[in-house]
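Chain by chain, the residues:
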Amino acid sequence: MRITEILRPMFSMDLRTIALVRIFLAVILIVDLLFKLPWLGAFYSDAGLLPRAELIGYGGAKSYLWSLHFISGEWYWQAFLWFIALLAACSLALGYRARLSCFLSWILFVSAFNRNNGIVSGADDLLCLLLFWAMFLPLGVRLAVDQLSSPDHYHSVPNEYFSSATAIFLLQAASLYFFAALLKDSPAWGVEGTAVYLALHLDHYATQWAEYIRGFPLLLQGLTKFVWWLELCMPVFMFLPIGQWTVRLLVMLLLIGMHLGFHIFLQIGLFAFISIASVLAFTPGVVWDWLNRRLATKRRCAVIIWYDTDCGFCRQMCFLMKTLLILPWVQVRPAIENDQVNTVLQREYSWVVQSSAGKQFLRWGAFVHLVSISPLWFWISPLLRIPRLALAGDKAYCRVGGARELLGQRLNAVLPPYRPIFMPSWLTTATLVLLAMASIGYYNVRGLVPEQLPMPLWLKTPLSVLHLKQKWNMFAPQPMTGDGWYIVEGMLEDGRSLNLLDGSFGWVDRAKPDLVSDMYPMWRWRKFMVRMYSRRYLLRHYANYHCRNWNRGLPDLYPEYLKQVTITYMREATLLNYQSSIPEEQVLRTHQCS
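This write-up is about the structure you can find in this document. Just so it is clear, the model here is predicted, and its values are computed rather than measured.

Overview of the overall build of the protein chain
- Each helix and strand in the protein chain was counted, giving 26 helices and eleven strands.
- Against the 2.2 N^0.38 benchmark of 25 Å for 594 residues, the protein chain shows a C-alpha radius of gyration of 28 Å, consistent with a compact globule.
- Seen along its three principal axes, the alpha-carbon backbone of the protein chain occupies a region of about 85 × 70 × 50 Å.
- Split into buried and exposed, the 594 residues of the protein chain put 52% on the buried side.
- Taking the intrachain contacts of the protein chain between residues at least 6 apart in sequence as the baseline, contacts between residues at least 24 apart amount to 74%.
- Carbon together with sulfur atoms contributes 64% to the accessible area of the protein chain, which is approximately 28300 Å² in total.

Put into structure tokens, the structure is as follows:
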């Protein structure tokens, strides 16, 4: 038996699974970009938290710290890059020039990562890696606009796909859990079983639900053991050659449940959803076959879309509807095959959608009927039936129909030509395998024994440039045993004090907030401020940001200049057995505004 026949069941991916991962990653990118939009100037411009000159000066010998954001420190350049990243992410979600869109998304995400590494976390490392390895997968074969160039060819491709790229992508996803478990070598994860207790007492992250569940000590001990063993055994279960799809589904459900639990109890941004994206890569083809049988009802399978035989643009748009509305069961046929339908089509100058009951829908109504039977978008159909919207839809359809020849030429010009499914050459395969062994294996094993396994410069440099470095030490070797909350106090020229976190004047209360995690505008602000405690050089930049932000509004918004910023940290130790501790007030920096 050839070795590929042994590895294929373990390391192959279904093309529909690849499409799901592609869409999931794209949606995560879009959500992240939308959340960052109000803070582009704060995060990436020279007037923000980390000016370019300071970062490049601090980076010094780190020549691999490249970023397109370094080209300019003005807000409009950051907005331009944000817009290009949003376009690339939307293109990736639609599957339009999917591999190029994935490459652009990876380039721009790494660029933003390197521009301000004070706001990033392990979740961003994982997203960089998933985007990089996804570039070598056939991303545009299922549920993609790329299919429109030749839908018949793409539909004839079998769903199972096996290559070095699929093996590496799955190994990357599994290595996260395995090495994360090995790095958790503290008694808090072992005999003591207090790791989840400590994590839920981290006030920077804990939600109201965390405050509730941490009152059950036996449950927390059980969850500690569950998380550690699930992470450790995940690769073994995922690559079992016997009973593979049933075991995979069970482990997938457990992992997804674990990550959703993280998201409910801890404010950790998009970490849970990025991890779920990596878990979804293991979805076996039997799941899609089962869904296909469940969703292939008569109401969907008996629907026929009739299009003008001489209109190639019309045929492409019909397949586009099938793709975007997730209706693979709907038939697309030329109207010349049915005289009665062809007569209606020529008279009404409209496509015809024939329902399972034989009823015919035209123009906007045809589109609304397709939406109503979509397994994903059916809930929108009542809104589309609003009379004014229906009238506008009919007018839009007539305009498109009148310009269909011109639109068809433009569509054919932008659609990528048909290419057979991507199979890496031996050179690409060898390069991928070497990169994967170096980044996944060497980096992770080195994380366990850094003294015994030094990182040579010839290996570190290319992996750093491509941002393939990784170390999954979240809550390892154990969660922190103390945190606290910030007090950021400003003093105006007239001697008045104000709270720079909420803009209120007067004496700043030192008391602990009801929910510390709600003090931050978003999770990237939280990450920056948590990181300030260990990276003290960030304190000066943070204080300078407040000085610039306040004084830039003068004289219209604020009456007096901001003279001084004092950053105080109320550090509170986390004690076992629900004991309370007295916070320690630490003045981290007193900064004079220039």
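Brief notes about a nonpolar patch on the surface
- A cluster of nonpolar side chains, namely Trp 209, Tyr 212, Phe 216, Leu 219 and Ile 264, defines an oily patch on the protein surface of about 560 Å² accessible area.
- Structurally, Trp 209 is set in helix H11 (residues 208-213).
- Relative accessible area serves as the criterion here: at 55%, Trp 209 is assigned to the exposed category.

Digging into the sheet that holds strand E10 (residues 562-573)
- On the basis of which strands lie adjacent, the open sheet formed by five strands has the order E9-E8-E7-E10-E11 and antiparallel pairing. The sheet is open, and its two edges are formed by strand E9 (504-505) and strand E11 (584-592), each paired on a single side.
- Pairing of strand E8 (residues 497-499) with E9, which is carried by two bridges, proceeds in the antiparallel orientation. Across the sheet, residue Leu 498 finds its bridge partner in E9, namely Phe 505.

Here we look at unusual backbone geometry
- The residue after Ala 476, namely Pro 477, is reached through a cis peptide bond having omega -5°.
- Even without being glycine, Leu 143 reaches a positive phi, approximately 50°.
- Within the secondary structure, Leu 143 is located in the loop between helix H7 (122-134) and helix H8 (151-155).
- For Tyr 578, which is not a glycine, the phi torsion comes out positive at approximately 60°.
- With respect to the element layout, Tyr 578 can be found in the loop between E10 and E11.

Quick notes on the state of the cysteines
- Counting across every chain of the model gives two disulfides.
- A sulfur-sulfur separation of 1.9 Å characterises the disulfide bridge that pairs Cys 547 with Cys 593. On the sign convention where negative means left-handed, the S-S torsion of about -65° between Cys 547 and Cys 593 marks this disulfide as left-handed. With a gap of 46 residues between them, Cys 547 in helix H26 (residues 537-551) and Cys 593 in the segment after E11 connect regions that are remote in the sequence.
- For Cys 593, a relative accessible area of 16% gives the class buried.
- Within the protein chain, bonded cysteines paired by disulfides and numbered along the sequence follow the pattern 1-2, 3-4.
- Among the cysteines around Cys 128, which has no disulfide bond, Cys 102 carries the closest sulfur, lying 11 Å off.

Digging into the environment of Leu 15
- Inspection of the secondary structure assignment puts Leu 15 in helix H2 (residues 15-36).
- Taking the relative accessible area as the measure of exposure, Leu 15 reaches 1% and is therefore buried.
- Residues Leu 15 and Val 157, 142 residues apart in the sequence, show an inter-C-alpha distance of 9.2 Å.
- Not counting the four nearest positions on each side in its chain, Leu 15 is found in contact with Pro 138, Val 141, Arg 142, Val 157, Pro 158, Asn 159, Tyr 161 and Ile 421.

Considering the side chain of Ser 111
- Topologically, Ser 111 is positioned in helix H6 (residues 98-115).
- Those residues in contact with Ser 111 that lie beyond four places of it in its chain are Trp 66, Ser 67, Leu 68 and His 69.

Concerning the packing of helix H5 (residues 75-94) against H6
- Remark: H5 packs on H6, axes separated minimally by 8 Å, with the N-to-C direction vectors making an angle of 145°. When the axes of H5 and H6 are compared, the crossing they make is left-handed. In this structure, H5 uses Leu 81, Ile 84, Ala 85, Ala 88, Ala 89, Ser 91 and Leu 92 to contact H6, whose residues at the interface are Ala 98, Ser 101, Cys 102, Leu 104, Ser 105 and Leu 108.
- For the contact of H5 with H6, the residue count by class is ten nonpolar, three polar and no charged.

The rules behind these values
- Residues numbered from 1 in each chain as written.
- Predicted model: local features only at pLDDT ≥ 70, side-chain atom pairs only at ≥ 80, totals over all residues.
- Heavy atoms only, no water.
- Helix = DSSP H or I, 4+ residues; strand = E, 2+ residues; numbered from the N terminus.
- Rg over C-alpha atoms; globule rule 2.2 N^0.38 Å.
- Buried < 20%, exposed > 50% of the residue type's maximum accessible area, 1.4 Å probe, protein only.
- Contact = heavy atoms within 4.5 Å.
- Areas by Shrake-Rupley, 256 points an atom, 1.4 Å probe, with all protein chains shown as cover.
- Patch = residues over 30% accessible without salt bridge, like charges linked within 9 Å, V, L, I, M, F, W, Y side chains within 5 Å.
- Salt bridge = Lys/Arg side-chain N within 4 Å of Asp/Glu carboxyl O.
- Pairing = 2+ DSSP bridges.
- Disulfide = S-S within 2.5 Å.
- Axes fitted to C-alpha atoms, helices over the stretch in contact; angles between N-to-C directions.
- Left-handed = near helix turned anticlockwise from the far one by under 90°.
- Nonpolar A, V, L, I, M, F, W, Y, C, P; charged D, E, K, R; others polar.

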